[in-house]
Amino acid sequence: GPPPVHAAARSAMGRGLLRLLATDALAFEEVFVAAFEALDAEWLAQRASYMQFNAVLKAVRAKVSAALAAGPQDVAALRARLLGPHA
């Protein structure tokens, strides 16, 4: 039968992340930093307190998932999608 498919490759988000990992040795670290920067930006934009942490995290998770699902060609494209063109 066909080879097993890695669980990450079953979703568009997972395929986007795997594409980045295949082309950039530091992609995981760079995606992590970009996601954390997006979390910080969302926190400030919502003027959140610790009580809103889960709502902010949910919003950022959706943004990161959508950015990865869009299939960015590189980490710079992902950063631009998450943080704006000047990131």
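**Some details on helix H1 (residues 12–23)**
At step 1: The terminal C-alpha atoms of H1 lie 17 Å apart, and with twelve residues this matches the ideal 16 Å at 1.5 Å per residue to within 8%.
At step 2: Buried within H1 we find Gly 14, Gly 16 and Leu 20. Taken down its axis, H1 places every buried residue within 160 degrees of arc, on the same side.
At step 3: For H1, the elements touching its buried residues are helix H2 (27–46), helix H3 (53–69) and helix H4 (75–83).

**Regarding the environment of Val 33**
At step 1: One can find Val 33 in helix H2.
At step 2: Assessed through its relative accessible area of 42%, Val 33 is described here as partly exposed.
At step 3: Along the primary structure Val 33 and Arg 79 are separated by 46 residues, whereas in three dimensions their C-alpha atoms are 9.5 Å apart.

**So, the side chain of Glu 42**
At step 1: Locating Glu 42 in the fold gives a position in helix H2.
At step 2: You can call Glu 42 buried: its relative accessible area is 11%.
At step 3: In contact with Glu 42, not counting residues within four places along its chain, are Val 56, Ala 59, Val 60 and Lys 63.

**Some words on H2**
At step 1: Counted at 1.5 Å a residue, the expected span for H2 with its 20 residues is 28 Å, and the 28 Å between its end C-alpha atoms agrees.
At step 2: Packing partners of the buried residues in H2 comprise H1, H3 and H4.
At step 3: Once H2 finishes, Arg 47 follows within two positions and takes phi at roughly 50 degrees, a positive value.

**Digging into the pattern of salt bridges**
At step 1: Scanning the model with the defined rule gives two salt bridges in all.
At step 2: For Arg 79, the salt bridge is made with Glu 37, and the minimal N-O distance between the two is 2.6 Å. Taken together, the residues Arg 79 in helix H4 and Glu 37 in helix H2 connect sequence positions 42 residues apart.
At step 3: The closest approach of N and O atoms between Glu 42 and Lys 63, which form a salt bridge, is 2.5 Å. With a gap of 21 residues between them, Glu 42 in helix H2 and Lys 63 in helix H3 connect regions that are remote in the sequence.
At step 4: You can call Lys 63 partly exposed: its relative accessible area is 41%.

**Some points on the packing of H1 against H3**
Relative orientation and spacing of two packed helices are given, respectively, by the angle between their axes and the distance between those axes.
At step 1: Where H1 contacts H3, the two axes come as close as 7 Å, and the packing angle between them is 65 degrees. When the axes of H1 and H3 are compared, the pair comes out roughly perpendicular. Every pair of crossing elements has a handedness; the one defined by H1 and H3 is left-handed. Of the residues in H3, those in contact with Ala 12, Met 13, Gly 16, Leu 17 and Leu 20 of H1 are Ser 65, Leu 68 and Ala 69.
At step 2: The residue makeup of the contact of H1 with H3, split by class, is six nonpolar, two polar and no charged.

Definitions and cut-offs
- Residues numbered from 1 in each chain as written.
- Predicted model: local features only at pLDDT ≥ 70, side-chain atom pairs only at ≥ 80, totals over all residues.
- Heavy atoms only, no water.
- Helix = DSSP H or I, 4+ residues; strand = E, 2+ residues; numbered from the N terminus.
- Expected span 1.5 Å × (residues − 1).
- Buried < 20%, exposed > 50% of the residue type's maximum accessible area, 1.4 Å probe, protein only.
- Arc of directions from axis to C-beta.
- Contact = heavy atoms within 4.5 Å.
- Salt bridge = Lys/Arg side-chain N within 4 Å of Asp/Glu carboxyl O.
- Axes fitted to C-alpha atoms, helices over the stretch in contact; angles between N-to-C directions.
- Parallel < 35°, antiparallel > 145°, perpendicular 65-115°, else oblique.
- Left-handed = near helix turned anticlockwise from the far one by under 90°.
- Nonpolar A, V, L, I, M, F, W, Y, C, P; charged D, E, K, R; others polar.

None of this, on its own, says anything about what the molecule does.
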